[in-house]
Amino acid sequence: MNKFRIFVLLFSLLSAGMVLRAQNTENDNEGDGIHTHEIDSAMAISPLYLPTSYTALGSTFFKPVVYKDIDTTLDLAGQYDPLIRTENVYQTLGINGQAHKPMNFGFEKEAGFSLITNPYPLYFKTQNDLRYYKLKTSYTQLAFSYGIATENTFYATHAQNIRDWAEIVVNLRGYGNSGYFTHQQTNNVIADVLCHFEIPSEIYGFRLSYIINHLKMEENGGLASTEDFLTHSIKKLQGYNMQLYDAKSHVLSHDLMFQQYVNIKSKKKKSDNGEMNHWGTFTHTFQFKQQSYRFYDSPVDSAYYSHIYSLPTDTIHDTMTFYTIANTLQFSTFQPFKEPKNERYFFHFTGGITHEYTRYQSAFYSGNAFIPFAQVHARLFTYLDLHAKIYYTLGNNPKQQERSTYSGCYQKNDMCFSAAVSARLDKGSQHSVGANFDFYRLSPDFIFTALSNGIQYWNNAWPKQTIISLTPYYQYKDYRVEFSYFMLHNYVYMNEELTPTLLDSYANILQLHLYAPFCYKGFGVTFNGYLQYSTHQAIAVPVFAGKLDFFYRMNIFKNKAKLQVGFNAAYNTSYYADAYYPLLHQFYHQHEIKTGNYCYLDLYIAIQVQRINIFLKGSHLLSGLMGYKYFTTPDYPMQDRRCSIGISWRFHD
């Protein structure tokens, strides 16, 4: 660890020297770029800028490709960890890299087998999270932050264009934290690579991508006595008793996708720009996914696992592993990786079928599912867009021959229908209104249906869950205000006894959301807030949860650099937040401990020279000044007051 700290110190000094040298070698006649709208905040300083943009990629459903410019401003200074970004409002276990859960209610499920609800959504990458870049030559970004005590974040991105017919994108993310309390360390590594190739005629192309998620966490189960911490009877945080001292979690996943396509194009008719007309695309997609959730604890504390009847006397070693193999055939009028023309009228559709084979824990579950799906996107009257998609799951009725064998298709007759309408209110498309509608009729996560790990056992037959949501919204540029209504019926959740429970009555959730990024001259404010109400106590949400980022930016050193100072704040009202159960990697409902009603405040200063960003940040500065009730999850205090530094460096070559 000492060698690592020396490396970080030398790295920081070297970076600072480069920044000072860059300041002295720049010309003095550059203009002020603060108050002008720029693609790249360094463009006024560096005339060699090459524009870079990206788009998200889907896995099954093709969608219109929309490229977005790389965010190169200082607005996200110090927000390398996704948990602390303004757009993410989550409850956590106190430090980065561990399990977390949104404070704002939402529901979204993809087609196919689902073992558990992912408790690491901001760290765990899927194929839908991958980015495809549009660039001239290459784009590289390196970022690193170091916090006291030993909180580290690292990420690297490189995208390379090869003669306009191929592109390779590589990403590496690393998150590590030693923690403040006993047995709290985390070490996470997420890496992915994407390769896209298309022959010059654009008739044939393929995408090959691979993702590995490797998460290792020490599980201390939270404080043994929350009251001791609230009164701060022990000054040294390492002196507090924890519920677990030897438990560990290890999550490992592999996700491989090969997608090849053939574009059908006319040979004679050509569009105005000289390109052949595109009539459709046939696509074959192969995907292999394997996920493993492991939990280990020895020696076993019988008091913590008192709800388990067949508790081992010495060791708990539970592994939940499954893999799926999926093949998809589809036809689409969307052209892969191409941004559609801004046409006044169009009608695009996608149709296909997926075969998915799943095997879970050797012979415990094996199933085949056939999932036909369709998608439509139409534009009418120039300004009105209509979207709709649907999927339905076919398969055999599940049968349980023995305690150790469960075969069939547990998600048989699952379906989802989604629709959206949006209308532009002006020619510049800055003002728009719309509404989104989702209807789910599906089985709960498989872990709620059947579990047999030698420690806990249940075999349940649930009715289909019904989840309906309706969200009208208004949007102006990046400002967005929306109202969401959720209706849940036959919803399955984990109760206080740590067993699955059916919510057979109706639950309704009302939610008002405002996202407002405001900027005037050198001042900027980004607000992200939710007002919520739930009619059922099993679906607990805070009445208010939100974050605020305020900053002031100015040019310094004769316009050769930019300086930004600001603060981040977060607050939510008190409510019965879900607790966390490490053995099953699940959050569960509890109605004994309230969390919230506490303000978190961070201050930071950042400097940008060309494409180098450096920040210094003080986090949770109010620690102890408002008491010690800073919990977002019961029994897991948030991090104490701390300091961190970081650097980000971009290259456009």
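Residues numbered from 1 in each chain as written. Predicted model: local features only at pLDDT ≥ 70, side-chain atom pairs only at ≥ 80, totals over all residues. Heavy atoms only, no water.

### Let's talk about the overall build of the protein
No. 1: Regarding its fold elements, the protein presents 3 helices and 38 strands.
No. 2: A total of 653 residues make up the protein; the buried ones form 51% of that total.
No. 3: Roughly 29,900 Å² of accessible area belongs to the protein as shown, and the carbon and sulfur atoms make up 59% of that amount. (Helix = DSSP H or I, 4+ residues; strand = E, 2+ residues; numbered from the N terminus. Buried < 20%, exposed > 50% of the residue type's maximum accessible area, 1.4 Å probe, protein only. Areas by Shrake-Rupley, 256 points an atom, 1.4 Å probe, with all protein chains shown as cover.)

### Quick word on the packing of aromatic side chains
No. 1: Scanning all chains against the criterion turns up 43 aromatic pairs.
No. 2: Each ring, one from F113 and one from Y365, has its centre 5.5 Å from the other, and the planes form 25°; the classification is stacked. One end of the pair, F113, is in the loop between strand 4 (100-102) and strand 5 (131-134); the other, Y365, is in strand 15 (residues 365-380), and 252 residues separate them in sequence.
No. 3: Since its relative accessible area comes to 9%, F113 is described here as buried. (Phe/Tyr/Trp six-rings, centres within 6.5 Å; stacked < 30°, edge-to-face > 60°.)

### Looking at the side chain of T140
No. 1: Within the secondary structure layout, T140 lies in strand 6 (residues 138-148).
No. 2: Those residues in contact with T140, other than ones at most four positions away along the chain, are T157, H158, W649, R650 and F651. (Contact = heavy atoms within 4.5 Å.)

### A word on unusual backbone geometry
Across the chain, the bulk of peptide bonds are trans and the bulk of non-glycine residues have phi less than zero.
No. 1: Of the consecutive residues S298 and P299, the connecting peptide bond is found in the cis state with omega at 0°.
No. 2: Within the secondary structure, P299 is located in the loop between strand 12 (276-297) and strand 13 (316-332).
No. 3: Of note in this structure, E202 is not a glycine but carries a positive phi near 65°.
No. 4: Tracing the backbone through its elements, the reader meets E202 in the loop between strand 9 (186-198) and strand 10 (204-219).
No. 5: Even without glycine at this site, K558 takes up a positive phi of about 55°.
No. 6: Tracing the backbone shows K558 in the loop between strand 30 (544-556) and strand 31 (561-572).

### Examining a nonpolar patch on the surface
No. 1: Taken together, the side chains of L425, V433, Y474, V481, F483, L510, L512, L514, L531, Y533 and V543 make up a nonpolar region of the molecular surface, amounting to roughly 920 Å² of accessible area.
No. 2: Counting only elements with at least two residues in the nonpolar patch, the list comes to strand 25 (479-489), strand 28 (507-520) and strand 29 (523-534).
No. 3: For the nonpolar patch, the element with the most residues is strand 28, which contributes 3 residues.
No. 4: For L510, a relative accessible area of 34% translates into the label partly exposed. (Patch = residues over 30% accessible without salt bridge, like charges linked within 9 Å, V, L, I, M, F, W, Y side chains within 5 Å. Salt bridge = Lys/Arg side-chain N within 4 Å of Asp/Glu carboxyl O.)

### Describing the pattern of salt bridges
No. 1: This structure, assessed with the given rule, holds 12 salt bridges.
No. 2: With a closest N to O distance of 2.9 Å, K109 and D445 form a salt bridge. Taken as a pair, K109 in the loop between strand 4 and strand 5 and D445 in the loop between strand 21 (431-442) and helix 3 (446-449) lie far apart in primary sequence, 336 residues in all.
No. 3: On the basis of relative accessible area, D445 is assigned to the buried category, the value being 6%.
No. 4: A salt bridge links E198 to K338, with the nearest nitrogen and oxygen atoms 4.0 Å apart. Of this pair, E198 sits in strand 9 while K338 is found in the loop between strand 13 and strand 14 (346-360), placing the two residues 140 residues apart along the sequence.
No. 5: In this structure E198 comes out as buried when scored by relative accessible area, which is 8%.
No. 6: On the basis of relative accessible area, K338 is assigned to the partly exposed category, the value being 31%.
No. 7: Ionic contacts of the salt-bridge type, sharing partners, join the residues E198, E202, K265 and K338 into one network.

### Things to note about the nonpolar core
No. 1: If you look at the biggest cluster of nonpolar residues, it comprises 43 residues, and the most contacted ones within it are L115, Y305, Y360, F446 and Y581.
No. 2: Formed by 21 residues, the second largest nonpolar core is a distinct cluster that contains F107, Y440, I467 and F486. (Core = buried A, V, L, I, M, F, W, Y, C linked by side-chain atoms within 4.5 Å.)

### A short note on the pairing of strand 21
No. 1: Where strand 20 (residues 415-424) and strand 21 come together, 10 bridges link them in antiparallel fashion. Along strand 21, the bridge assignment pairs A419 with F437.
No. 2: Between strand 20 and strand 21, which pair antiparallel one after the other, the connecting turn spans 6 residues, and S429 there sits at a positive phi close to 60°.
No. 3: Alignment of strand 21 against strand 24 (residues 465-476), held across 12 bridges, turns out to be antiparallel. (Pairing = 2+ DSSP bridges.)

### As for the sheet that holds strand 5
No. 1: Read from one edge to the other, the open sheet built from 3 strands follows the order 2-1-5, with strand pairing classed as antiparallel. Edge positions in the open sheet fall to strand 2 (68-69) and strand 5, since each of these has one partner strand only.
No. 2: Sheet analysis places strand 1 (residues 53-56) next to strand 2, joined by 2 bridges and oriented antiparallel. Paired with Y54 across the two strands is K68, which belongs to strand 2.

### Comments concerning the environment of T393
No. 1: With respect to the secondary-structure elements, T393 resides in the loop between strand 16 (384-392) and strand 17 (394-395).
No. 2: For the pair T393 and A369, spaced 24 residues apart in the sequence, the C-alpha separation amounts to 6.5 Å.
No. 3: Leave out the neighbours within four places in its chain, and T393 touches A369, F370, I371, C409, Q411, K412, N413 and D414.

### Structural notes on the side chain of Q98
No. 1: Turning to its location among the elements, Q98 is positioned in the loop between strand 3 (90-92) and strand 4.
No. 2: Of the residues examined, Q98 reaches a relative accessible area of 3% and is grouped as buried.
No. 3: Within the structure, the side chain of Q98 is placed 3.4 Å from the backbone oxygen of E218, a separation counted as a polar contact.
No. 4: Non-local contacts of Q98, meaning those with residues more than four positions away in its chain, are made with L93, Y120, Y123, Q184, T186, M217 and E218. (Polar contact = N/O pair within 3.5 Å; in protein donor to acceptor, adjacent residues only side chain to side chain.)

### Let's talk about the confidence of the model for the protein
No. 1: Across the protein, pLDDT averages 86, with 88% of residues at or above 70.
No. 2: Within the model, the stretch residues 1-48 combines pLDDT values under 50 with 69 contacts to residues more than four positions away or in other chains. (pLDDT = per-residue confidence, 0-100.)

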